[in-house]
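Below are the chains, spelled out letter by letter.
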Amino acid sequence: MTNDKQTAIGFINLNKPVDFTSHDCVAKVRRLLKLKKVGHGGTLDPLATGVLPIAVGKATRLLQFLPEGKAYRARIRLGVQTTTDDLEGEILSQQPASQLTVEQVRAILPQFIGQIEQIPPAYSAIQRDGKRLYELARKGKKVDVPSRRVEVNDMEILGWHPGEFPEVEVAIACGGGTYIRAIARDLGTILQTGGTLAALIRTQSCGLQLSNSVTFEQLEMQCQQGNFQPIPPDTLLEHYDAIALPPQDARRWCQGQRISTEAVNDSIVRVYREGGGFLGIGTREASQNQWELIPKIVF
């Protein structure tokens, strides 16, 4: 890998392997790239695989601005309920559900589409009183987990596997903060059989697609061959308007000064130097009958 720090700013579309936490992935990328500043967007559970956005260098400061839409392929086992709402947890109840049909499951799915109230799993990374919920759950402490409003855009059945404990494969498109484990649990509750997540692949996150992702093996090979190139930092920010500044204004803006500018549709904008060159993220505010562009993240 090149030692030029400028080439080590951007994103990696990592295909997370099973049994890795998101933190494990960040640690491994740090070792491979020999960089300290590495972060991730959108946590994935250890049993889940698929798209995990990784930010390297100064791009870690852009994680908060990435688009929120996510998509998954989930396999839900019916007739089983666990402590973690996936197969990693202890079984709380188990009852054969061979009587279920795919038509019964399909009839339930509309209840999960739109803005819904969802109670996150007790074993999750949400913080309560300064502690992660999974830390409290592992100590045997029972915590009332408050519900949250999440948005599910679409949910479609991809496959049905009948049996004593039938499994349904679904494609789910949703907003940030949605727990697929909670959907599996709640689907089983409505069907009165219990349900748990058997497998999960994230196919899209923060504008990145599974089809374009790279494995650790591929990333390691790129580093060894010296041709590692992260995704340019502004590539995942195209959902914001862009403003190009002339050289003098660009220099002043990069020094932290406010710049008078034309009105734009978004309060957050991508900022470029005229002729090209991504400078960072700015916010616009109205001031004395004019618009001002304020530095937020400067590259």
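Residues numbered from 1 in each chain as written. Predicted model: local features only at pLDDT ≥ 70, side-chain atom pairs only at ≥ 80, totals over all residues. Heavy atoms only, no water.

Novice: Mind showing me how you'd approach helix 1 (residues 22-33) here?
Specialist: The α-helix winds at 3.6 residues per turn, so residues separated by three or four positions along the chain end up facing the same way. Taking 1.5 Å per residue as the helical rise, helix 1 with its 12 residues ought to reach 16 Å, and the 17 Å between its terminal C-alpha atoms agrees with that figure. Looking at helix 1, one finds that the buried residues are S22, C25, V26, V29, L32 and L33. What you see down the axis of helix 1 is that its buried residues fit within an arc of 125°, all on one side. Residues H23 and R31 are exposed on helix 1 and point more than 90 degrees away from its buried face. On its buried face, helix 1 sits against strand 1 (10-16), strand 2 (38-40), strand 3 (49-56) and helix 5 (216-225). K34 lies just past helix 1 and shows a positive phi near 55°. (Helix = DSSP H or I, 4+ residues; strand = E, 2+ residues; numbered from the N terminus. Expected span 1.5 Å × (residues − 1). Buried < 20%, exposed > 50% of the residue type's maximum accessible area, 1.4 Å probe, protein only. Arc of directions from axis to C-beta. Contact = heavy atoms within 4.5 Å.)

Novice: Explain empty space enclosed by the protein to me, please; I cannot follow it from the model alone.
Specialist: The rolling of a water-molecule-sized probe over the atoms marks out the regions of remaining empty space. Scanning all chains against the criterion turns up one cavity of 30 Å³ or more. By volume, the largest cavity is sized at about 70 Å³. Along the walls of the largest cavity sit D45, L47, A48, D86, R181, L197, A198, A199 and L200, which together make up its complete lining. The element that contributes the greatest number of residues to the lining of the largest cavity is strand 12 (residues 195-205), accounting for four residues. A per-class count over the lining of the largest cavity returns six nonpolar, no polar and three charged. (1 Å grid on protein atoms, 1.4 Å probe; cavity = no way out; pocket = protein on both sides within 12 Å on 5 of 7 lines; lining within 4 Å. Points joined across faces, edges and corners; volume = space filled by probe spheres on them. Nonpolar A, V, L, I, M, F, W, Y, C, P; charged D, E, K, R; others polar.)

Novice: Would you explain the environment of L32 in this entry?
Specialist: Of note, L32 is situated in helix 1. As a C-alpha pair, L32 and C223 span 191 residues in sequence and 7.1 Å in three-dimensional space. Leaving out residues up to four positions away in the same chain, L32 has contacts with F216, L219, E220 and C223.

Novice: Would you mind going over the sheet that holds strand 14 (residues 241-245) with me for this structure?
Specialist: The strands that make up a sheet are held in pairs by hydrogen bonds between backbone atoms, and each pair lies either parallel or antiparallel. Reading across the sheet, the five strands line up as 14-16-17-18-15 and stay open at both edges, with mixed pairing between neighbours. The open sheet has two free edges, formed respectively by strand 14 and strand 15 (259-261), since each of these has just one partner strand. Direction aside, neighbouring strands of the sheet carry axes that sit 45° apart on average. As paired strands, strand 14 and strand 16 (residues 268-273) are joined by five bridges and run parallel to one another. (Pairing = 2+ DSSP bridges. Axes fitted to C-alpha atoms, helices over the stretch in contact; angles between N-to-C directions.)

Novice: Sorry, what's going on with the nonpolar core here?
Specialist: The nonpolar side chains of soluble globular proteins are, as a tendency, buried together. Of all hydrophobic cores here, the largest spans 47 residues; its most connected members are I12, V29, I54, I172, I180 and L187. Beyond its immediate sequence surroundings of up to four residues, I172 is in contact with K70, A71, Y72, A74, V152, D154, M155, I180 and I183. By size, the runner-up hydrophobic cluster in this structure holds 17 residues, among which are V51, L208, Y240 and Y272. (Core = buried A, V, L, I, M, F, W, Y, C linked by side-chain atoms within 4.5 Å.)

Novice: Whenever I open this one, a nonpolar patch on the surface confuses me. Can you help?
Specialist: Taken together, the side chains of V18, L47 and L87 define a hydrophobic patch exposed on the protein surface, amounting to about 210 Å² of accessible area. The residue V18 is located in the loop between strand 1 and helix 1 in this model. When its relative accessible area of 42% is taken as the criterion, V18 is described as partly exposed. (Patch = residues over 30% accessible without salt bridge, like charges linked within 9 Å, V, L, I, M, F, W, Y side chains within 5 Å. Areas by Shrake-Rupley, 256 points an atom, 1.4 Å probe, with all protein chains shown as cover. Salt bridge = Lys/Arg side-chain N within 4 Å of Asp/Glu carboxyl O.)

Novice: Is there a simple way to explain unusual backbone geometry in this structure?
Specialist: Glycine aside, residues mostly have negative phi angles, and peptide bonds mostly take the trans form. Of note in this structure, D19 is not a glycine but carries a positive phi near 70°. The residue D19 is located in the loop between strand 1 and helix 1 in this model. Its relative accessible area of 57% is what places D19 among the exposed residues.

Novice: I keep staring at the packing of aromatic side chains and nothing clicks. Help me out?
Specialist: Aromatic ring pairs: the centre-centre distance and the angle between the two ring planes describe each pair. A complete count under the given rule lists four aromatic pairs for this structure. Taken together, a centroid distance of 6.5 Å and an interplanar angle of 80° make the contact between F65 and Y240 edge-to-face. Here F65 is found in the loop between strand 3 and strand 4 (70-78), whereas its partner Y240 is found in the loop between helix 5 and strand 14, with 175 residues between them in sequence. Pair check on accessibility: F65 and Y240 agree, each one buried. An aromatic cluster is present here, built from Y272, F278 and F299 joined pairwise through their rings. Over the face of the ring belonging to F216 we find K28, whose NZ or CZ atom lies 4.8 Å from the ring centre. (Phe/Tyr/Trp six-rings, centres within 6.5 Å; stacked < 30°, edge-to-face > 60°. Lys NZ or Arg CZ within 6 Å of the ring centre and 35° of its normal.)

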